[in-house]
Amino acid sequence: MKRLAKRIGAFAAACLMILVSMPIQAQAAEKGYTYTYDYWGDVQYSPDAYEVAGTFTAVDFGLENKLTSPQGLFVYKDYIYIVDTNNNRILELQRTGDTKIELVREITEFTGDVEVTTFNAPHDIAVDEDYFYIADKSNGRVLKLTKDLEYVMSFTKPTDATFDQAMEFLPHKIVIDTAGRVYCIATNVNKGLIKYEPDGTFVGFVGATPATYNFMDYIWKKIATKAQRAQMENFVPTEYDNIYIDHEGFIYTTTTNVTEVEIDNGSVDPVRRLNMMGSDILIRNGNWVICGDVWIGNAGGYSGPSLLTDVTAFENESYVVLDRNRGRLFGYDDQGNMLFAFGGSGNVDGYFRTPSAIEHMGYDLLVLDAVDCSLTLFTPTEYGNLIYEAMDLFKSGDYAGSEAAWRKVIALNGNYDLAYIGIGRALLRQQRYREAMDYFELKWDAENYSKAFQYYRKEWVEENIIWIVIVLAVIIVIPLIVGRIKKIKYEIDTADIFRR
Amino acid sequence: MLASLKKKETYTRYFKSFKFAFYCMTHPLDGYWDLTHEKRGSLAVANTILILTLVARIASLQFTSFIFNRVYWPEVNIFLYLGSIVFPLALWVVGNWALTTLFDGKARLPQIYMATCYAMLPYPLFQFPLIIFSNVVTVNEAEFYTLINTIVLIFCGIYIVVAMMQIHEYTMSKTILFTAFSIFAMLVIVFILLLFFSMISQGIAYFVSIVREILFRI
């Protein structure tokens, strides 16, 4: 109901917004690089949260042949790994300075007791203390190598009956948890993530998206003939596109297999956060669905919803998703509120052609572009750092500090809803309820407003209890007295003794 | 008209029939009967209640707590907002009169207007306390507000139906039937109005383009 009301309220604004946002996209460099949505869904332009610290291509790393359709990116400590898919190689890079990234080595083959010691279209890499895990897609295996490039073992096609044996095994994206278990997305597998034990045994599938269908489709299927049914879309779970494992061991997944209609009716979640049981625990308390752009224009040759191709999560549980369609990055906080959105399609620094992977290093962001064959390094600006600082201080319990940081954010961007709500939440924790209420009311946060108001109301009643009792007493007692006096007067007037 | 404003009995009559509006709320069947048959209602009071209703609506837009009332101010048009009461009311009165006058309804057009306005009294009466109430509740207690609000609106609806029944001297079933017909009549009127305005604008556009063409050729 609340969501519906918001949608209706914002609908008229939406039409306007799309009209307004179109011309701005065209001259994006000066204005409108970074934006957020306010309560009504209006686009509010904001100062840049991130700036480009550098764009790196193969030439910058001293390589002869340029990257060709790189797909995988991984950060381990200050090492960066790029999986150069079509060149069948992996680049190990090291970040040596704020804006400096240097090549350490180029991995094209490995040694060990295995038939094929080269890669064939590798798509992803995961790294831990001792090992590399490489999704060697066209060879149909996930390799486990030591850091000296010695073959340890490989995770191959599951022989289990739950895996369709007629199908080729094409591991696409992988993550590993702290115990060395491998979670893998394979092409054409929609049963969820393929999970292996550290010793290579296939455990099963985890975290498939719930299959959804609407009632009309179901009825049509019932009355359709077999041939017609074969033509129809199947009610199957959607395939995942990418995974990321955060420091707590929760797995973020994204899917680009979405349509505008599916996002609107909520039958598909572009971003999910899976626990060990494979159920989705992503918090969605924001005003808007976590799907990238809320209002979709069809300008400039782009159409359809944001295609979230990769995700990376910071230590503070906020995360950034990457839109392949329009080349944008969307940051969300742990509650699902949009922190910022920036980027776009183009050849300038900070714009992308077809971004394929995103990673973070501290609060810096690294984005790999598959068509532009480049790696872009973003560092947070003063504005971006203040937002992170305010959130981190709040988490660590320094509410006064968090309030101060949010106030600095407001000084930079007065249209930022989260800053007002952030101040409100910090004030609420400092027991300054009356002030907190004003901030929540300003940005339509009824839930938090009610929390503050409840305390404020209690305080007020406790302070003014004497007056309340007096007023109540007066209201009750005065009519009683008046009634009594009238009665006595009436009795006196009508009494026989006083009759003349 | 002006002369009557100077007479004292004009005011006593006004206040008497205003008080009678409250009597109608507690005794609807008896009250609405007397409204026209005993001539105890007055158009002045009906207008007052309508104005009160409009004021209550604007006040609730402005002062109801944002928990229940989220207003996108850039889109608010106060006249359209008031029109959302006045226009349906006018349609209802005309539609109802147009039908009932053909089917032995006893009330005349002003009387239908008067009775409808009298039946709307619960809305402004409860809306003002509700505005205050909305500002002292949290989202957890929001149901109370919504409940009272809904009950008031339902009562207004019931009162309108009862008022129509009494002033037209209809039976209950006939009233309900004609209420439904009146709503249908309202839709028909809206349809005809749309048709009419679109025709007129097309017609004007036609002549404007002819004149333009002539000016262009000369």
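Procedures and definitions
Residues numbered from 1 in each chain as written. Chains lettered and ligands numbered in written order. Predicted model: local features only at pLDDT ≥ 70, side-chain atom pairs only at ≥ 80, totals over all residues. Heavy atoms only, no water. Domains from an automatic or database assignment. Core = buried A, V, L, I, M, F, W, Y, C linked by side-chain atoms within 4.5 Å. Buried < 20%, exposed > 50% of the residue type's maximum accessible area, 1.4 Å probe, protein only. Helix = DSSP H or I, 4+ residues; strand = E, 2+ residues; numbered from the N terminus. Contact = heavy atoms within 4.5 Å. Phe/Tyr/Trp six-rings, centres within 6.5 Å; stacked < 30°, edge-to-face > 60°. Lys NZ or Arg CZ within 6 Å of the ring centre and 35° of its normal. Disulfide = S-S within 2.5 Å.

(A) Quick look at the domain arrangement of chain A. In terms of domain boundaries, chain A breaks down into domain 1 (48-379), domain 2 (399-463) and domain 3 (474-500). Each of domain 1 of chain A and domain 3 of chain A has a C-alpha centre, and these two points are 87 Å apart.

(B) Local environment of the nonpolar core. Of all hydrophobic cores here, the largest spans 49 residues; its most connected members are Tyr50(A), Leu329(A), Leu365(A), Trp406(A) and Tyr416(A). For this core, the secondary structure elements donating two or more residues are strand S20 (319-323), strand S22 (338-343), strand S24 (364-369), helix H5 (382-396), helix H6 (399-412), helix H7 (417-429), helix H8 (433-442) and helix H9 (446-463) of chain A. Taken domain by domain, this core gets at least three of its residues from each of domain 1 (48-379) and domain 2 (399-463) of chain A. Apart from the residues within four sequence positions on either side, Trp406(A) is in contact with Ile387(A), Ala390(A), Met391(A), Tyr416(A), Leu418(A), Ala419(A), Gly422(A) and Ile423(A). Residues Met25(B), Ile49(B), Leu50(B) and Tyr113(B) belong to the second largest nonpolar core, which totals 35 residues.

(C) Layout of the packing of aromatic side chains. This model, assessed by the stated rule, comprises 49 aromatic pairs over all chains. Centroid distance Phe163(A) to Phe169(A): 5.9 Å. Interplanar angle 75°. Geometry classified as edge-to-face. Summarising the aromatic geometry, the rings of Tyr449(A) and Phe66(B) are spaced 4.8 Å apart at their centres and angled 80° between planes, so their arrangement reads as edge-to-face. Of this pair, Tyr449(A) sits in helix H9 while Phe66(B) sits in the loop between helix H4 (43-63) and helix H5 (78-100), which puts the two residues in different chains. Classification of Phe66(B) by relative accessible area gives buried; the value is 5%. The structure contains a cluster of three or more aromatic residues connected by ring pairs, namely Tyr33(A), Tyr50(A), Phe314(A), Phe340(A), Phe342(A), Tyr351(A), Phe352(A), Tyr363(A), Phe378(A) and Tyr388(A). Over the ring of Tyr456(A) we find Arg434(A); its NZ or CZ atom is 5.4 Å from the centre of that ring. Its end group placed over the ring of Tyr81(B), Arg57(B) keeps NZ or CZ at 4.4 Å from the ring centre.

(D) Fine view of the state of the cysteines. Residues and elements named next belong to chain B. Throughout the structure, instances matching the rule amount to zero disulfides over all chains. With no disulfide of its own, cysteine 117 lies 11 Å from the sulfur of cysteine 156, the closest cysteine sulfur. The exposure class assigned to cysteine 117 is buried, which follows from its relative accessible area of 0%.

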